[in-house]
Amino acid sequence: MKEIQAYLKEYQKEMNWEISNENYNESKLSILNNYMLLTTEVSEIAEEFRAIFNRTAHLVKEENMSEEEAFALAKEGYKQNIGKEIADCIAYLVKFANYLELDLEESFYEKMNEVKVRVNKDI
């Protein structure tokens with residue numbers, strides 16, 4: 001994770017895609033803009049999954065495949081696109097972490113441990 005954070009810090013600087021640190025209003029606008037971009041990317045993941053489900057239904061109906069076979073084929077067909085959209089999401093999330101100077105790896109493991117030991121966890 002540290003390597004990804006370091007890479008994206010340099011990459012975003014090179015591309016001039018950093019979150020503004022000029023003043024409060026510039027930072028606020030930059031953060032909100034990047035948040036909107038992140039939510040757009042999350043929506044694109046949902047669209048890819050919807051396409052997988054639609055493709056599965058089509059293959060079952062039109063090609064007489066089993067649902068399992070159709071689903072496997074559909075997932076394989078959209079796997080690369082979903083990977084790209086997930087990568088976009090990661091880039092925006094890491095951008096926020098870098099802006100706040102968070103150690104994302106440390107935050108990740110701390111949160112996973114918190115979830116693991118919480119009392120009201122799902123069964």
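Residues numbered from 1 in each chain as written. Predicted model: local features only at pLDDT ≥ 70, side-chain atom pairs only at ≥ 80, totals over all residues. Heavy atoms only, no water.

Undergrad: Quick one: what's the story with the layout of surface pockets, residue by residue and with numbers?
TA: In this structure, the largest pocket spans a volume of roughly 280 Å³. Along the walls of the largest pocket sit 15 residues, with Gln12, Trp17, Ala91, Tyr92 and Lys95 positioned nearest its centre. Of all the secondary structure elements, the ones that give two or more residues to the lining of the largest pocket are helix H1 (2-14), helix H2 (24-63) and helix H3 (67-99). Residue composition of the lining of the largest pocket, by class: 7 nonpolar, 4 polar and 4 charged. Approximately 230 Å³ is the volume found for the second largest pocket. (1 Å grid on protein atoms, 1.4 Å probe; cavity = no way out; pocket = protein on both sides within 12 Å on 5 of 7 lines; lining within 4 Å. Points joined across faces, edges and corners; volume = space filled by probe spheres on them. Helix = DSSP H or I, 4+ residues; strand = E, 2+ residues; numbered from the N terminus. Nonpolar A, V, L, I, M, F, W, Y, C, P; charged D, E, K, R; others polar.)

Undergrad: Just give me the short version of the packing of aromatic side chains, but keep the residues and values in it.
TA: This model, assessed by the stated rule, comprises 5 aromatic pairs. Ring geometry for phenylalanine 53 versus phenylalanine 71: centroids 6.1 Å apart, planes at 20°, classification stacked. With phenylalanine 53 in helix H2 and phenylalanine 71 in helix H3, this residue pair connects regions lying 18 residues apart in the sequence. Assessed through its relative accessible area of 31%, phenylalanine 71 is described here as partly exposed. Taking 5.2 Å as the distance between ring centres and 80° as the angle between the ring planes, the aromatic pair formed by phenylalanine 108 and tyrosine 109 counts as edge-to-face. Take phenylalanine 108: its relative accessible area is 39%, and that puts it in the partly exposed class. Feature note: the residues Tyr7, Tyr11 and Trp17 constitute an aromatic cluster, connected by ring pairs. (Phe/Tyr/Trp six-rings, centres within 6.5 Å; stacked < 30°, edge-to-face > 60°. Buried < 20%, exposed > 50% of the residue type's maximum accessible area, 1.4 Å probe, protein only.)

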